[in-house]
Amino acid sequence: MADIDIRKVEKFYGKNQVVHGVDLNIQDGEFIVILGPSGCGKSTLLRMIAGLEEISNGEISIENTVVNQLEPRERGCAMVFQNYALYPHMTVAQNIGYALKVGGMRKAERMQKVEATAKSLGLDQLLDRKPAQLSGGQRQRVAMGRAIVREPKVFLFDEPLSNLDAKLRVQMRLEIRRLHRTLKATSVFVTHDQVEAMSLADRLVVMNAGRIEQVGTPEEVYHAPASIYVGGFIGSPAMNFLPCGVSDCGTFAVIDNTSFRLPVDPEIGRTIAGQSVIVGLRPEDLKIAPEANDPNLLTVAFDFSEEQGSGRLMHGRLAGRDFVLHSAGRHHPAPGAPCSLAIGAESVHLFDPTTEKRITVAGAKTGQTGTLPAAFQKTSDVTVSGAIQ
Amino acid sequence: MQKRAYFKANWLAYLFIAPQLLIIFVFFYWPASQAMYWAFTLEQPFGGGNQWVGLDNFRAVFSDETYWASIWRSIVFAALSTGLAMSMALVLALFADRQLRGYRFFRVGMIWPYAIAAPAAALAFRFLFNPQSGVFAYLNTLSPGLWNPALSGVDAMTAIIITQAWKQVSYSFIFFLAGLQSIPRSLIEAGSMDGARVMRRMLDLQLPLLAPTIFFLLVINMTDSFTDSFGIVDILTEGGPARATELMVYKIYVDGFQGLDYSGAAAQSLVLMALVILMTFFQFRFIERRVHYT
């Protein structure tokens, strides 16, 4: 069982700390995607698993063996690099077979394996070519083949799709997913592309500034972001954030400097009655209400729009901030005309303005704390009593 | 439209390139033309009035056994000093590239020998190689007379090869280090993920990828050891003992300026030039084929 256990792992470059105490448990056969902006420490974490970077503090174990002091070759991981890192002086066959050759496998057996792997990736016609004679997508496949042929316990992917064009990226994404289904090896995939992350992950790890912000299935991360950071990072266009005050009865929140009311799940609202909060609204969760009479309904005038094909992004300003709405379908409000928006309590995300964490009540509808795995609880464990003074 | 600065008056442009042209003319074309002139003529015994003799000078040179011996010596010297310099430089560069402790100092320190003029280096090695008091004198404690470059031709040859190699190491080192650092880090990492250890990665990945650098250094070092070894030989052995270290370039000096046979020396320098050109041509023709450029 190739599960990976990461315990309190830190990484320093000199005095500069880039990974701050990461805890993560990856189960056997799981496809984990680590998502974050550049410089958040995600690649460093991956390279520490691979053995290409020293672990400053903490422990990483693979299959219950602590690997901190093991060489990369002793860890049983295969890695696909961002720039593919193919050996330019070797043919495709030599590239794929190099690990086996180093491992001392006999030539006949090796060639057989290389051919089988190449065939499964559609590379069997290209075995005698050099990497320079291949297209980007083909190089990517060779890099995959080099990883697969060893039948490793763990696959590590370091942004392997970011050098491909958009169409090929979608295609390779599917192929990686299919491959994972057949090989069932534990996989860790690092990317900064949220679409890639959402579509590949069994579980998603969102990192920011060397810390894990949230661990969860793509649905959990999208529907119940654990912090303002995650809410703003996942989803395109980004979530709208509005400072609000929760009413004394706890059933609605009033947007600061306006009279507009937003419904609040009463179960959560009760515990934060009268407090100020940050409300997050996803542009795609907002619907334009048929009539614009109610003064309490959120009303915005959109001044310009971007056509997306599947709908239109409407941009306006609300309470001194930019505000975006995704208007689906083909009928869109006219520019400049005030529109009232209908919002359900389930699409109102509440965040604590000081800790920037999600406000949840254990067992509440929107907060899924109770159903999430242990690692998730650690990062999203913000109960109302503790967070709000 | 790109706007270019240009000078209307051509004389200013000529003025700017004149110093460079002058240097090239005075130190290259003029001596070369003189060598050509001398190589095909012979001066009268008491000076003045050179007489055209065609290929007589070359015939004389090639019928001289000592000249053939000096060609053979030069080839041995070039091959061994180049081999020694390049292999040492490669090992040092591999270590400097691995960023072991203190590599920053060595990276700079290793380049200094290149700044030392050949005669100065040779003078320093003259002390090291001294059979009575030099560092090499310790060899004589093993067996008396084991090391004496003043008496043994092999020892003298060894001494100039070591000195030439030492001088060339730094040059090769710079290029090897640059070559190693231009290999993407991820390739080496991919190698270690594939299970190759340091030595294996060196042989399978770094050396093949260094092939263009190795080839370049081979050409440069060979040429240099044929043409630029005069200072070392002159200070260290003066061609002795018994001509054992009389390389082609040193024989030109001895015949020309000590034997005062300008015509013979001029013919020899043309032969040396032709040899170096021929060698470089063969290196490009046969070795470069095996080089993989990425």
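K.L.:
Sorry, what's going on with the overall build of chain B here?
P.N.:
When helices and strands are tallied, chain B shows twelve helices and two strands. Ordering the α and β elements of chain B from the N terminus gives α-β-β-α-α-α-α-α-α-α-α-α-α-α. Along the first, second and third principal axes, the C-alpha set of chain B runs to 80 × 75 × 35 Å. The buried share of chain B, reckoned over its 294 residues, is 43%. Excluding contacts between residues fewer than 6 apart, the proportion of contacts in chain B whose partners are at least 24 apart in sequence is 69%. As presented, chain B carries roughly 17300 Å² of accessible surface, and 68% of it is formed by carbon and sulfur atoms. Of the side-chain charges in chain B, 20 are positive and 17 negative, and the distance between the mean point of each set is 15 Å.

K.L.:
Just checking my understanding: could you explain the sheet that holds strand S7 (residues 154-158) of chain A for this structure?
P.N.:
The pairing of strands in a sheet comes from backbone hydrogen bonds and takes either a parallel or an antiparallel form. Residues and elements named next belong to chain A. Read from one edge to the other, the open sheet built from six strands follows the order S6-S7-S8-S3-S9-S10, with strand pairing classed as mixed. Edge positions in the open sheet fall to strand S6 (77-80) and strand S10 (211-216), since each of these has one partner strand only. Taken over all neighbouring pairs, the strand axes of this sheet differ in orientation by 20° on average, direction set aside. With five bridges connecting them, strand S3 (residues 31-35) and strand S8 (residues 186-191) associate as parallel partners. Each residue of the ladder has a partner; that of Val33, found in S8, is Phe189. Along the sheet, helix H1 (residues 42-50) makes contact with S3, S6, S7, S8 and strand S9 (203-208), crossing S7 at roughly 150°.

K.L.:
Could you clarify how one ought to interpret the domain arrangement of chain A in this entry?
P.N.:
Reports of interface size often rely on the accessible area that becomes lost once the parts have come together. Residues and elements named next belong to chain A. As assigned here, chain A comprises domain 1 (4-223) and domain 2 (238-363). Just the C-alpha atoms count here: the centres of domain 1 and domain 2 sit 39 Å apart. At the boundary of domain 1 and domain 2, one finds zero salt bridges. Remark: the boundary between domain 1 and domain 2 carries two residue pairs in polar contact (both at pLDDT 80 or more). Across the side of domain 1 that touches domain 2, the residue classes break down as two nonpolar, one polar and one charged.

K.L.:
For this particular structure, what's the right way to read the layout of surface pockets?
P.N.:
If a probe as big as a water molecule is rolled over the atoms, it shows which places are left empty. Its volume calculated, the largest pocket comes out at about 990 Å³. Taken together, 28 residues form the lining of the largest pocket, with A:Gly51, A:Leu52, B:Arg98, B:Arg185 and B:Arg201 sitting closest to its centre. Those elements that place two or more of their residues in the lining of the largest pocket are helix H8 (185-193) and helix H9 (198-227) of chain B. Tallied by class, residues from the lining of the largest pocket come to nine nonpolar, six polar and 13 charged. Roughly 560 Å³ of internal volume is contained in the second largest pocket. Lining the second largest pocket are 16 residues, and of these B:Pro31, B:Ala32, B:Ala35, B:Ala266 and B:Ser269 lie nearest its centre. Elements represented by at least two residues in the lining of the second largest pocket include exactly helix H1 (10-39), helix H11 (248-258) and helix H12 (262-287) of chain B. With seven residues, the single largest contributor to the lining of the second largest pocket is H1(B).

K.L.:
Teacher, can you tell me more about the sheet that holds strand S11 (residues 240-246) of chain A here?
P.N.:
Residue and element names in this part refer to chain A. Within the open sheet, the five strands sit side by side as S13-S12-S11-S14-S20. Their pairing is antiparallel. Of all the strands in the sheet, the pair left with one neighbour each is strand S13 (261-263) and strand S20 (349-351). When the angles between neighbouring strand axes are averaged without regard to direction, this sheet yields 40°. As judged from the three bridges shared by S11 and strand S12 (residues 252-255), these two strands associate in the antiparallel manner. Bridging across to S12, Cys244 finds its partner in Ile255.

K.L.:
Any chance you could explain the nonpolar core here in plain terms?
P.N.:
Generally speaking, soluble globular proteins have nonpolar side chains that are buried together. Residues and elements named next belong to chain A. One finds Ile4, Ile6, Ile60 and Leu156 to be the most contacted residues of the largest nonpolar core, which totals 63 residues. If we skip the residues at most four places from it in the chain, Ile4 touches Leu24, Asn25, Ile26, Ile49, Ile60, Ser61, Ile62, Val154, Thr186 and Val188. Formed by 43 residues, the second largest nonpolar core is a distinct cluster that contains Ala78, Val114, Leu123 and Tyr222.

K.L.:
Could you clarify how one ought to interpret the interface of chain A and chain B in this entry?
P.N.:
Contact with chain A, which involves 24 residues of that partner, is made by 18 residues of chain B. Interface area for chain A against chain B, summed over the two sides, is near 1900 Å², with a carbon-plus-sulfur share of 60%. For chain A, the biggest contributors to the area lost against chain B are A:Arg73, A:His89 and A:Tyr98; these three give 32% of the whole. Our count for the chain A to chain B interface comes out at one salt bridge. Across the salt bridge formed by A:Arg47 and B:Glu189, the nearest N and O atoms sit 2.6 Å from each other. On inspection of chain A and its partner chain B, the count reaches eight residue pairs in polar contact (both at pLDDT 80 or more). Broken down by class, the residue content of the side of chain A that touches chain B amounts to 16 nonpolar, two polar and six charged.

K.L.:
What's the story with the environment of B:Arg200 in this structure? I'm lost.
P.N.:
For B:Arg200, the position within the fold is in helix H9. Accessibility expressed as a relative area gives 29% for B:Arg200, which makes it partly exposed. Contact partners of B:Arg200, with chain neighbours within four places excluded, come to A:Tyr98, A:Lys101, A:Val102 and B:Leu205.

Conventions and cut-offs
- Residues numbered from 1 in each chain as written.
- Chains lettered and ligands numbered in written order.
- Predicted model: local features only at pLDDT ≥ 70, side-chain atom pairs only at ≥ 80, totals over all residues.
- Heavy atoms only, no water.
- Helix = DSSP H or I, 4+ residues; strand = E, 2+ residues; numbered from the N terminus.
- Buried < 20%, exposed > 50% of the residue type's maximum accessible area, 1.4 Å probe, protein only.
- Contact = heavy atoms within 4.5 Å.
- Areas by Shrake-Rupley, 256 points an atom, 1.4 Å probe, with all protein chains shown as cover.
- Lys, Arg positive; Asp, Glu negative; His and termini not counted.
- Charge placed at Lys NZ, Arg CZ, Asp CG, Glu CD.
- Pairing = 2+ DSSP bridges.
- Axes fitted to C-alpha atoms, helices over the stretch in contact; angles between N-to-C directions.
- Domains from an automatic or database assignment.
- Salt bridge = Lys/Arg side-chain N within 4 Å of Asp/Glu carboxyl O.
- Polar contact = N/O pair within 3.5 Å; in protein donor to acceptor, adjacent residues only side chain to side chain.
- Nonpolar A, V, L, I, M, F, W, Y, C, P; charged D, E, K, R; others polar.
- 1 Å grid on protein atoms, 1.4 Å probe; cavity = no way out; pocket = protein on both sides within 12 Å on 5 of 7 lines; lining within 4 Å.
- Points joined across faces, edges and corners; volume = space filled by probe spheres on them.
- Core = buried A, V, L, I, M, F, W, Y, C linked by side-chain atoms within 4.5 Å.
- Buried area = accessible area lost by both parts, 1.4 Å probe.

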